[in-house]
Amino acid sequence: MTVTNVLTLDGLRILLEALREDGHALIAPQLQDGVIVYDQVEGLDALPRGINDLQTPGGYQTLKTEEPSLFHYVVGPHSWKKFLHLPKLQLWQAKKHSEEIRITSPEPPSVKTAFIGVRACEVKAIALQDKVLIHSDFADAAYKIRRDNAFILAVDCARAGGSCFCVSMQSGPSVDGNYDLALTEILTPDHIFLVRSNSEAGENVLKKTPLRPATPEEIWAGQEIVAQTAANMGRAMPDTNIARLLSQNLQHPHWDTIASRCLSCANCTMVCPTCFCTTVEDVSDLKMEEFSRERRWDSCFNLDFSYVHGGAARNSVAARYRQWMTHKLSSWVDQFGSSGCVGCGRCITWCPVGIDLTQETKAIYDDQVG
Amino acid sequence: MSVTAIHNRKPNDTLDMRQTVPKLARVRSRFSDAPDVSTLEVEMADGGPVDYRPGQFNMLTVFGVGEAAISISGAPNGARLIHTIRDVGAVSHALTRLKPGDQLGLRGPFGVGWPIHSAQNKDVLIVAGGLGLAPLRSVLYHILAHRVQFGVVSLLYGARRPEDILYQSEIARWRESLEINVALTVDHADAKWSGRVGVVTQLIEQAAFQPQNTLAMVCGPEVMMRFVASALVEREIDPENIFLSMERNMKCAIGHCGHCQFGPNFLCRDGPVLSYQKLRPLLKVKEL
Amino acid sequence: MAAEQASMLSQHAFFKGLAPEVIDLVSSCAQDIEFSAGQYICHEDDQADQFYVLLQGHVALQIASPGRGARTFLTVGAGEVFGVNWLVAPYRWTYDAKALDDTKAVVLNAACLRRKCEADHDLGFELMKRVMPILIERLHVCRIQLLDLYLKQN
């Protein structure tokens, strides 16, 4: 049983300073253009205060309240994959020296970061990407270095987001799994943070921070907050073996129904914290003496993603939507042993036409059961 | 009994970017097999040995153009790799235009190869369509080098036209050796052709094999593989003993980019060779 | 009702000239069916348990390949039939069939038909006599298509 301590707001400020002094670049939520995004910050005072959000299928809005809360909004369009599985990465360079080509690969930069305010679903999402990019047959060196150098300061969600469904995906709202420190924010009677450590790195930072043990009342208050969040989820997946349901319905007419709405804009894949697909592009200078290959994020919604001789293997929008949803909820289980979805709701919020994969799963499920 | 995957790599090459960075290689020779097909003999610039299993592929880079997945078609003396390439896009076009001495990048080998070990003491049916003979040729080399380990071995090969038949002099030698039964057919004949005209499935009827003790390896256009596999099942070969080499878009070849997925299978890692038992339900799904 | 199907079948070109008792025998294996435009009627490699007698609409017979998508090699319409794989083991569809517009058909259960044909060889021969010319015609058409007559000669 982890020991629960209490930090005041000042204590949290000192904790962040300690992380900075230790050489970590702080990446934290920021309010930019009315949206909660992740960006580098100097310290606690840069974090937005009193911000709530309203998330619905295809809708996002932040609201300013009078509360002093630091973490009452839920996740925005950014996820931590932006800092671990880089959107752009140069894989190698090659130069012609007299007639011979010499190939070099850049040393992946080792940058210490501290992710501030990581949600339970995001801790799980990071673990899912670790499985794909580190703990599989091949490890991605650039990802691993950034991952090893990322300190995770997580926070339990005090509010259920409008789009998310972590309870039904068993990935929240309480932080669990691979993290360094986790906070539960309590506003009354005093603005405090319950803090629990889950690693040696977490312990070491706590040593530099003023703490006191939490009282039973405070621990109970923290549990109540999380329980309230869990009870107020706006949506859920149907209670069934989703992986099997989808793999047995690959030719169900419902895929065409979804396709009549889907724009294949790829928003869902960009905001999804577990989507990992990439593509590469080879470039050269005009003299054909210097060459390089750059890797960048890609999406299975792109028509050329599945290009084979003759055309796209998945030409229709229905086929591409089916690929995304069945990979996320079904094939991922065969490939990596668990679902690829953490219930963060981003794909629902940021879909321009508000497609909700819990509803689409339910539509197929109802057609089986009924 | 499941066929074990045949890999050539060390698990979890952690801080080694080797698998995403090509090594320098050079073209040693080039042969023009057909109007749009060339065979390149490639050696590593550092003169190092090459290792592979029949059915695996390399990622070949033409500097400044791009990279493509090309099956390994043979490796004489363990010092050179043979790749037969058809011009179907920018990268393959550039590859078929390389000349002896030209430099290219090479990553690999990748993928699960043909289950040759499982074919020991069995009759072997090798069914190829078009360029599909290229990844199967390395199987034929292995069989010929260890002929006593296998039963009756047949090559059934269908090409589009007579001029598209690959490895013609080798096919003639295989025929003459009497160690492999060779049956050829073309879809479209010209005035000079006096051989069979029809599709490759029609060659199965005449092939000599004991269905209960046969392992079949099939490679060619996907429609051809579907109908060949179905015909082989009809001839009572167990789907667990029929293997197809599947093809999809490939970028990383290490199971990280997501492009080569076919159902739950990453073709670069779980394939490209997969059993028909596994593939049959997936091949039925349109645009999978 | 078998009587309705019998009436539909007797007016269809395929069954022209068949004695009423024979049509009654066949129609006891029959059912009405409708497909809307774009609906798949069967998929390649599925169990081929049906014989379709088209009354209205158009159906495309297709083979799908990755990159080229679904390619139609033949279309059939009212007055025609499709699905003869029920005659030949292993009774599996070798193509996809897709309704191009709203289609009405009579679908005959293949196992039922096979049983009746085995029990009554005269019925069997009558059906074969009608299926053969259709297949021979389609084979001939296929050969002409294969010759690619419109291809420019160099």
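Residues numbered from 1 in each chain as written. Chains lettered and ligands numbered in written order. Predicted model: local features only at pLDDT ≥ 70, side-chain atom pairs only at ≥ 80, totals over all residues.

## Topic: the overall build of chain A
And step 1. Broken down by element type, chain A carries 12 helices and 16 strands.
And step 2. What you see for chain A is a C-alpha radius of gyration of 22 Å, in line with the 21 Å of a compact globule of 370 residues.
And step 3. In terms of overall dimensions, chain A has C-alpha extents of about 70 × 65 × 40 Å along its principal axes. (Helix = DSSP H or I, 4+ residues; strand = E, 2+ residues; numbered from the N terminus. Rg over C-alpha atoms; globule rule 2.2 N^0.38 Å.)

## Concerning the overall build of chain C
And step 1. The number of helices and strands found in chain C is four helices and eight strands.
And step 2. Element order for chain C, N to C, with α for helix and β for strand: α-α-β-β-β-β-β-β-β-β-α-α.
And step 3. Computed over the C-alpha atoms, the radius of gyration of chain C is 16 Å, within 12% of the 15 Å expected from 2.2 N^0.38 for a compact globule of 154 residues.
And step 4. C-alpha extents for chain C along the principal axes are approximately 60 × 30 × 30 Å.
And step 5. Among the 154 residues that make up chain C, the fraction classed as buried is 28%. (Buried ≥ 20, exposed ≤ 12 C-beta atoms within 10 Å, placed from the backbone.)

## Let's talk about the interface of chain A and chain B
And step 1. Taken together, the contact pairs 41 residues of chain A with 37 residues of chain B.
And step 2. Taken together, the elements giving at least two residues each to the side of chain A that touches chain B come down to β6 (88-97), β7 (100-104), α3 (120-133), α4 (141-148), β13 (278-284), β15 (307-308) and α10 (317-336) of chain A.
And step 3. Taken together, the residues of the side of chain A that touches chain B break down into 22 nonpolar, 13 polar and six charged. (Contact = placed C-beta atoms within 7 Å. Nonpolar A, V, L, I, M, F, W, Y, C, P; charged D, E, K, R; others polar.)

## So, the interface of chain C and chain A
And step 1. Contacts between the two partners involve four residues from chain C and, on the opposite side, seven residues from chain A.
And step 2. A breakdown of the residues in the side of chain C that touches chain A according to their chemical character gives one nonpolar, two polar and one charged.

## Re the environment of Asp49 of chain C
And step 1. On the secondary structure map, Asp49 of chain C appears in the loop between β2 (40-42) and β3 (50-56).
And step 2. Distance in space between the C-alpha atoms of Asp49 of chain C and Asp102 of chain C is 22 Å, their sequence separation being 53 residues.

## Overview of the domain arrangement of chain A
Residues and elements named next belong to chain A.
And step 1. Under the domain assignment, chain A is made up of domain 1 (4-84 + 109-231) and domain 2 (242-276 + 300-369).
And step 2. Computed over C-alpha atoms only, the centres of domain 1 and domain 2 are separated by 28 Å.
And step 3. Looking at the side of domain 1 that touches domain 2, the elements that each hand over two or more residues are β5 (59-64) and α3.
And step 4. Among the elements that take part in the side of domain 1 that touches domain 2, α3 stands out by supplying nine residues, more than any other.
And step 5. The class makeup of the residues in the side of domain 1 that touches domain 2 is 14 nonpolar, nine polar and four charged. (Domains from an automatic or database assignment.)

## Notes on the sheet that holds strand β6 (residues 103-110) of chain B
Residues and elements named next belong to chain B.
And step 1. Spatial strand order, β4-β3-β6-β1-β2-β5: six strands in an open sheet with antiparallel pairing. Every interior strand has two partners, whereas the edge strands, β4 (66-71) and β5 (81-86), have only one. Averaged over all neighbouring strand pairs, the angle between strand axes comes to 40°, with direction disregarded.
And step 2. Pairing of strand β3 (residues 57-62) with β6, which is carried by four bridges, proceeds in the antiparallel orientation. Within the sheet, the bridge partner assigned to Met59 lies in β6 and is Arg107. (Pairing = 2+ DSSP bridges. Axes fitted to C-alpha atoms, helices over the stretch in contact; angles between N-to-C directions.)

## Digging into the sheet that holds strand β7 (residues 96-99) of chain C
Residues and elements named next belong to chain C.
And step 1. Reading across from one edge, β2-β7-β4-β5 is the order of the four strands in this open sheet, with antiparallel pairing throughout. One side of each edge strand has no neighbouring strand; the edge strands of this open sheet are β2 and β5 (69-77). Direction aside, the axes of adjacent strands within the sheet are offset by 35° on average.

## Here we look at the nonpolar core
And step 1. In terms of nonpolar packing, the biggest core is built from 187 residues, with Phe115 and Ala154 of chain A together with Ile126, Ala216 and Val218 of chain B touching the most fellow members.
And step 2. Looking at this core, the element that brings in the most residues is α3 of chain A, giving eight residues.
And step 3. Not counting chain neighbours up to four residues away, the residues in contact with Val218 of chain B comprise Val127, Met225, Val228, Ala229, Ile242, Phe243 and Leu244 of chain B.
And step 4. Ranked by size, the runner-up nonpolar core spans 30 residues in total, among them Cys29, Phe51, Val53 and Leu54 of chain C. (Core = buried A, V, L, I, M, F, W, Y, C linked by C-beta atoms within 7 Å.)

## A closer look at unusual backbone geometry
And step 1. Here the bond from Gly108 of chain B into Pro109 of chain B is cis, since omega is 0°, no more than 30 degrees from zero.
And step 2. Of note, Pro109 of chain B is situated in strand β6.
And step 3. The backbone of Ser98 of chain A sits at a positive phi, close to 45°, despite the residue not being glycine.
And step 4. Position of Ser98 of chain A among the secondary structure elements: in the loop between β6 and β7.

## Focus: helix α2 (residues 133-145) of chain B
And step 1. Taking 1.5 Å as the rise per residue, α2 of chain B with 13 residues should run 18 Å; its terminal C-alpha atoms sit 18 Å apart, in good agreement.
And step 2. Taken together, the buried positions of α2 of chain B are Leu133, Ala134, Pro135, Leu136, Arg137, Ser138, Val139, Leu140 and Ile143 of chain B. (Expected span 1.5 Å × (residues − 1).)

## Describing the pairing of strand β10 (residues 214-219) of chain B
Residues and elements named next belong to chain B.
And step 1. Taking burial as the measure, the six residues of β10 include six buried ones, the bulk of the element.
And step 2. Burial of the side chains of β10 extends over both faces: Thr214, Ala216 and Val218 are buried on one face and Leu215, Met217 and Cys219 on the other.
And step 3. Judged from the six bridges that link them, strand β7 (residues 123-129) and β10 form a sheet pairing that is parallel. Bridging from a neighbouring strand, Val124 pairs with Leu215 of β10.

## Brief notes about the environment of Ala139 of chain A
And step 1. The residue Ala139 of chain A is located in the loop between α3 and α4 in this model.
And step 2. Linking Ala139 of chain A and Leu15 of chain A, residues 124 residues apart in sequence, is a C-alpha distance of 32 Å.

## A short note on the environment of Gln228 of chain A
Residues and elements named next belong to chain A.
And step 1. As for its placement among the helices and strands, Gln228 is situated in helix α6 (residues 216-231).
And step 2. Using a count of 14 C-beta atoms within 10 Å as the deciding quantity, one classes Gln228 as partly exposed.
And step 3. Sequence spacing of Gln228 and Arg159 is 69 residues, and the spatial spacing of their C-alpha atoms is 7.7 Å.

## Some remarks on the confidence of the model for chain C
Residues and elements named next belong to chain C.
And step 1. Scored by pLDDT, chain C comes out at a mean of 89, with 98% of its residues at no less than 70.
And step 2. Mean pLDDT per element in chain C: helix α1 (residues 2-11) is the minimum at 80, and β7 is the maximum at 96.
And step 3. For this predicted complex, the interface score ipTM comes out at 0.95, alongside a pTM of 0.92. (pLDDT = per-residue confidence, 0-100.)

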